[in-house]
Amino acid sequence: GMSPEELMDYMDNAALILDTLETMNLVQRAGHGLSQSSAMSRLNNASGNAEANTNHSNHKCYSMHESIKAIAEGMAKRKTESFAPLYDEFNSFISKADDVPEYTGPPFPFDECMVMMLIGEVADMAESFQNTIYERWNIEEYIAENMPLHLIRAKMVEKASKVLLDQDFCTRRVVALGPIEATRRHVSDLIDLRRAHSHHKESSSGELLDLNIVDAIQEGSACIIDEVIHQSQGSPKSVNVAICLSTMGEGLIKARQPRDASQRLDEASSLYRELLGQGHIDVARAVNAVAKSLVKINETRAALIRFGEASSTYEDCNASHHFDSIANLQGMANLFVTSGDFQAATALYENVISRKQNVHGEYSVATAKTINDYAVILAKNGRMDDALARYEKARATYEQALDGLPPSMSWLNHGESAAKCGFDMALINLNIASIKSKKGDVAGAILSYEIGVQGLRKYKEELELAGDEAGKNKNSSHMRHLVSALGRIGSLKLKQGDKNGALEAYAYLFKEVDSSESPVASRLEKAKAHIKCATIYRQSGERDDNKHAIIHLREALNMYTDLYGAKHKDTIAVATSLQQWMEEEHHHSTRS
């Protein structure tokens, strides 16, 4: 750790650095002196604390130009101890001899320092010395906003949870930040706490945290809401409280507490209805949020009722063609599909699609996407014929939407780039191929797979042209789809008895998979493809082909050993076959 005295020196240095940056015009003092917020003065008056009511205008607020900020962020990531750029032969800042070596020591414990500055004896010392950096800083607001974040980043998870459950801290937070911002910060801190907790569990060397994370999230969320209600002047029934409840509900879903989330969202929607009346769009949105949370806890019947309520509220405020209203109906239609009521689902999806057509046009990307969504959910629920018809309609709608558009027109009516639409169409072709192969239409499946593969290749090229790293990244979804589609083409061509066609597809697949960068699923595809190639060559019975077969099987064995280890049953099976083939080959060559 760092001693308080050392930290005090750092703080004085920080004040000096700030002055220097200001002199160099790299940071500017924002024009407004931060006058004391009305919430702060209320707190001081309430505690009868007159002399604390000093003017806050000496808390200076600094701003930095975006371009300078970008350079500063780059510098912060640098591994050297100085600001000099790393040496390369093109830059003339420094000679090779003056090159600054990379720093390999521990990183500067920024969050730990911040924690020491904000609480405990350092904070007291600094206050008493009137440390120069404290004079410029609205410390109360900063603590209320960022304290838990610094604790979580400094890996002080238990301490962070104590702060988030502390009633006094919640009071300070609501006073300093106001109810809505306080709830927003509290929610995001609780989500970060959950991440830190699960990360600690995965990486910990046996030391257990004394923390029940579910209890902590529930108590922390109750604590801030109680405080908001406590501080809402006069009546706890205000729009602010409703906004805080719905913010908390949305956050609890992210923190994997859907049951609690559903209750908060329900309270929020009742409050909105009471305050704003039945026919208000925010009431409809709030009820839709309740419905979505009920889906998460498998309360299908209750969710359907809420989707219906939201829908009639949207109708009441003449917003039936509003984006949120259509999304609400689509949520309801999906729920009908998963609960097996295909008749209701079909009627509702037709309604959603016709509204999309009204709003965006019959042949628009938005309409095509919705038809595709419907196909996906039908296929998931085993309705293959219906899904196939919808996929084909979605593909035709995409083609019409993109027809005649110059490729340079990269942004379409729906904020989608033409390249991304090409990718979506490629996926539709792969899905069509998959259904056709399940139905036994091998030739049709191969054709659709090949069109899909062309689309994925084109998307990859467009990403590379645009200088997007994802184009080359073997882990990105278009690369994973490409590999598995090539594998499917190979096995379907084998089914047709087209051995050369299969070998050709597998040869393309080998080029696309890299043993170090590709994900496990793609490497497994490649290993299986080597076994298929080995089998094809082996069955031909030709001497030369047998050599090819052994080469492929050896590749497969190396890959299986990498993926599963030498002791795995699949690895052993491949190794045994290889051994047998090599002995036969040896036997033939000694005979001849």
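This structure is a prediction, so every number in the text was calculated from the model and none was measured. (Residues numbered from 1 in each chain as written. Predicted model: local features only at pLDDT ≥ 70, side-chain atom pairs only at ≥ 80, totals over all residues. Heavy atoms only, no water.)

Outline the overall build of the chain, listing residues and values.
For the chain, the count of helices and strands is 26 helices and 2 strands. Buried residues in the chain amount to 42% of all 592 residues. Looking at the chain alone, contacts between residues at least 24 apart form 61% of all its contacts between residues at least 6 apart. On the chain, roughly 32,000 Å² of surface is accessible, and the fraction owed to carbon and sulfur atoms is 52%. (Helix = DSSP H or I, 4+ residues; strand = E, 2+ residues; numbered from the N terminus. Buried < 20%, exposed > 50% of the residue type's maximum accessible area, 1.4 Å probe, protein only. Contact = heavy atoms within 4.5 Å. Areas by Shrake-Rupley, 256 points an atom, 1.4 Å probe, with all protein chains shown as cover.)

Explain the confidence of the model for the chain residue by residue, including any values.
For the chain, the mean per-residue pLDDT works out to 79, and 83% of the residues sit at or above 70. Within the model, the stretch residues 33-42 combines pLDDT values under 50 with 17 contacts to residues more than four positions away or in other chains. A low-confidence stretch, residues 408-415 stays under pLDDT 50, and its non-local contacts, those more than four residues away or across chains, total 18 contacts. (pLDDT = per-residue confidence, 0-100.)

How would you sum up the packing of aromatic side chains? Please name residues and give values.
Taken as a whole and judged by the stated rule, the model has 3 aromatic pairs. Here the aromatic rings of Tyr 349 and Tyr 374 are separated by 4.1 Å at their centres, their planes lie at 20°, and the arrangement is stacked. A residue pair is termed long-range when its members are at least 10 positions apart, and Tyr 349 in helix 17 (residues 342-360) and Tyr 374 in helix 18 (residues 365-380) qualify at 25 residues. Pair check on accessibility: Tyr 349 and Tyr 374 agree, each one buried. When the centroid spacing of 5.8 Å and the interplanar angle of 35° are considered together, the rings of Tyr 560 and Tyr 564 count as tilted. (Phe/Tyr/Trp six-rings, centres within 6.5 Å; stacked < 30°, edge-to-face > 60°.)

Residue-level account of unusual backbone geometry, with values.
Even without glycine at this site, Asn 25 takes up a positive phi of about 60°. Topologically, Asn 25 is positioned in the loop between helix 1 (4-23) and strand 1 (28-29). Backbone geometry at Asn 298 places phi at a positive 60°, although glycine is not the residue there. Mapped onto the fold, Asn 298 is located in the loop between helix 14 (281-296) and helix 15 (300-316).

Requested: an account of the nonpolar core, with residues and values cited.
Counting residues in each nonpolar core, the largest one holds 89 residues, and the members touching the most others are Met 147, Leu 193, Ile 224, Tyr 391 and Tyr 398. Examining the composition of this core, we find that 8 residues originate from one element, helix 18, more than from any other. With sequence-adjacent residues up to four places away left out, Tyr 398 is seen in contact with Val 365, Ala 368, Lys 369, Cys 421, Asp 424, Met 425 and Ile 428. (Core = buried A, V, L, I, M, F, W, Y, C linked by side-chain atoms within 4.5 Å.)

Which residues make up helix 7 (residues 139-153), and what are the values?
For helix 7, the principal kink sits at Asn 146 and spans about 55°; a proline, Pro 148, occurs within the next four residues. Downstream of helix 7 by a residue or two, Lys 155 has a phi angle that is positive, lying close to 60°. (Bend = angle between axes of the 7 residues up to and from the residue.)

Just give me the short version of the packing of helix 10 (residues 179-203) against helix 11 (residues 213-231), but keep the residues and values in it.
Relative placement of two packed helices is described by the angle separating their axes and the distance separating the axes. Two elements in contact, helix 10 and helix 11, have axes separated by 10 Å at closest approach and are oriented at 175°. Taken together, the axes of helix 10 and helix 11 lie roughly antiparallel to each other. Contact with helix 10, carried on its side by Pro 179, Ala 182, Thr 183, His 186, Leu 190, Leu 193, Arg 194 and His 197, involves Ile 213, Ala 216, Ile 217, Gly 220, Ser 221, Ile 224, Ile 225 and Val 228 of helix 11 and no other residues of that element. A class-by-class count of the residues in the contact of helix 10 with helix 11 yields 10 nonpolar, 5 polar and 1 charged. (Axes fitted to C-alpha atoms, helices over the stretch in contact; angles between N-to-C directions. Parallel < 35°, antiparallel > 145°, perpendicular 65-115°, else oblique. Nonpolar A, V, L, I, M, F, W, Y, C, P; charged D, E, K, R; others polar.)

Mind laying out a negative patch on the surface, listing which residues take part and the relevant values?
On the surface, a cluster of negative charge is contributed by Glu 5, Glu 6, Asp 9 and Asp 12. One can find Glu 5 in helix 1. (Patch = residues over 30% accessible without salt bridge, like charges linked within 9 Å, V, L, I, M, F, W, Y side chains within 5 Å. Salt bridge = Lys/Arg side-chain N within 4 Å of Asp/Glu carboxyl O. Lys, Arg positive; Asp, Glu negative; His and termini not counted. Charge placed at Lys NZ, Arg CZ, Asp CG, Glu CD.)

If you had to explain the side chain of Ser 262 to someone new, which residues and values would you point to?
Inspection of the secondary structure assignment puts Ser 262 in helix 13 (residues 258-276). Apart from the residues within four sequence positions on either side, Ser 262 is in contact with Val 290, Ser 293, Leu 294 and Ile 297.

I'd like a rundown of the environment of His 65, residues and numbers included.
Positionally, His 65 belongs in the loop between strand 2 (62-63) and helix 3 (66-76). Along the primary structure His 65 and Val 27 are separated by 38 residues, whereas in three dimensions their C-alpha atoms are 7.4 Å apart. At 2.8 Å, the side chain of His 65 forms a polar contact with the side chain of Ser 67. (Polar contact = N/O pair within 3.5 Å; in protein donor to acceptor, adjacent residues only side chain to side chain.)

Please set out the pattern of salt bridges residue by residue, giving values where relevant.
The tally for this structure, following the rule as stated, stands at 23 salt bridges. For the salt bridge of Asp 192 with Arg 195, the shortest nitrogen-to-oxygen distance reads 3.3 Å. Of this pair, Asp 192 and Arg 195 both sit in helix 10, 3 residues apart, roughly one helical turn. Between Asp 282 and Arg 285 there is a salt bridge; the shortest N-O distance is 3.1 Å. Placement of the pair is Asp 282 and Arg 285 together in helix 14, with a separation of 3 residues, close to one helical turn. With a relative accessible area of 33%, Arg 285 lands in the partly exposed category.

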